[in-house]
Amino acid sequence: MASAVLCDVDFDRDGRQTSVLRVPQSHDNAGWGTVEIPIHVVKNGDGPTTLFTGGVHGDEFEGQIAVSRLARELEPEAIRGRVIMIPVVDIPAALASTRLCPVDGKDLNRCFPGDPKGTFCDKLAHFIDSTLLPLVDVSVDVHSGGTGMNTALSTNMHFLGDAPRMARTLAAAEAFGAPYNCVFWSVDEGSTLPSACEARGILSLGTELGGRGSVDVEGVRIGERGLRNILMHVGIMTGEPDTRQVDGAPRGRHMMVPGPGHFVFAPARGIFEPTGVVGDPVEAGAVAGRIHVVEELGREPIELHYPVSGQLWAVQSPGRPRQGDCVVVVMGPYREHGGSA
Ligand code: CA
């Protein structure tokens, strides 16, 4: 079925195009109302197509900045191929600084492959999946931990069954140049943009570039450099990716989160006091944090323990998680065939 989203971009035209996607959104004062989402397309001749997206979650700011800046600066003469940029995909969520879209209460990154007759997020996901993804060779969806998490600065990717695709994706992640590349399994993965990309054979990278509901300055730098590095890596721009790390290392490190055995969930509601910060080395069995049930007089805090040794990838950010929330994720060193989950 045709997309419900209006789009006047000619994806075959050379040059710079800046326009808006119009997602139909009927409201009390306008039955023919639309929500406008800026889209930028820069094309020069034949070559690969990359899709760079930010703001799929509205409370993740680094990607919105990085993709916006590239969209303003990238000139057709500097490239060979096509770059499609949507700096703020879920714009109602971004304007509200929320993860979930305030129009329909949904997480856009749980709505793929979407539905042209569904809600706002369903229609938007369907447009991306059915109209944009068939054009795309490489997708980089720039995320951060948002309000809910703080994360080690990293690219991320899934375990892929196909060995050549896995090798290509690892190489692209290395070229992006974040301090870590985390090969991972996550909760509720089937309906995400990366999964939609993988279903179509597109090389897909995500990122986690900070979080805590604020702007991570180093995350913005790594994100901006990474997007240009990817353009060089796939041959859309000339030059060599700059993957140098602040500690002098020539490139980042591959890590993995092979399954839920690397997660810690809050067993009760309360205030979560983590014992480490992202990037810290951790030991299996050591105290990962405490849940303080402050409303119960004399109650001892509940101690949580690291399930495995490795380094902290993500730590819950708000002081008061809900029971069942993931509060800690530990990444281990990457091993081939490590994806048991
Ligand atoms: Ca996210």
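Refer to the preceding data block for the structure.
These numbers come from a predicted model, not from an experiment.

Student: Give a detailed account of the pairing of strand β16 (residues 310–316), specifying residues and quantitative values.
Tutor: Of all seven residues in β16, seven are buried, a share of seventy percent or more. Here strand β6 (residues 149–151) pairs with β16 via three bridges, running antiparallel. Note on β16: the bridge partner recorded for asparagine 150 is valine 315. The pairing of strand β13 (residues 281–282) with β16 spans two bridges and is classified as antiparallel. Within β16, the residue paired with proline 281 across the bridge is glutamine 311. Sheet analysis places β16 next to strand β17 (residues 326–333), joined by four bridges and oriented antiparallel. Residue pairing in the sheet places glutamine 311 in a bridge with methionine 331 of β17.

Student: Can you tell me about the sheet that holds strand β14 (residues 287–292), naming the residues and giving the values?
Tutor: Judged by pairing direction, the sheet is antiparallel, and its three strands sit side by side in the order β12-β14-β15 without closing on themselves. For this open sheet the edge positions go to β12 (271–274) and β15 (302–305), each flanked by a neighbour on one side alone. On average, adjacent strands in this sheet sit at an angle of 25° to one another, irrespective of strand direction. Where β14 meets β15, four bridges bridge the pair, whose relative direction is antiparallel. Across the sheet, the residue bridging to valine 287 is histidine 305, located in β15.

Student: Outline the coordination of the calcium ion, supporting the account with residue identities and numerical values.
Tutor: Of the protein atoms, only His57 (ND1), Glu60 (OE), Glu60 (OE) and His143 (ND1) coordinate the calcium ion, at distances of 2.3 to 2.7 Å. In this structure histidine 57 comes out as buried when scored by relative accessible area, which is 3%.

Student: Run through the pattern of salt bridges, naming residues and quoting values.
Tutor: Counted by the stated rule, this structure contains 18 salt bridges. Between arginine 269 and glutamate 295 there is a salt bridge, with its nearest N and O atoms 3.7 Å apart. Of this pair, arginine 269 sits in the loop between β11 (263–265) and β12 while glutamate 295 sits in the loop between β14 and β15, placing them 26 residues apart in sequence. Note on glutamate 295: relative accessible area 44%, which makes it partly exposed. For arginine 290, the salt bridge identified is with glutamate 303, shortest N-O distance 3.8 Å. You can see arginine 290 sitting in strand β14 and its partner glutamate 303 sitting in strand β15, a full 13 residues away along the chain. When its relative accessible area of 24% is taken as the criterion, arginine 290 is described as partly exposed.

Basis of the calculations
Residues numbered from 1 in each chain as written. Predicted model: local features only at pLDDT ≥ 70, side-chain atom pairs only at ≥ 80, totals over all residues. Heavy atoms only, no water. Buried < 20%, exposed > 50% of the residue type's maximum accessible area, 1.4 Å probe, protein only. Helix = DSSP H or I, 4+ residues; strand = E, 2+ residues; numbered from the N terminus. Pairing = 2+ DSSP bridges. Axes fitted to C-alpha atoms, helices over the stretch in contact; angles between N-to-C directions. Donors = N, O, S within 2.8 Å, 3.2 Å for Na, K, Ca; no water. Salt bridge = Lys/Arg side-chain N within 4 Å of Asp/Glu carboxyl O.

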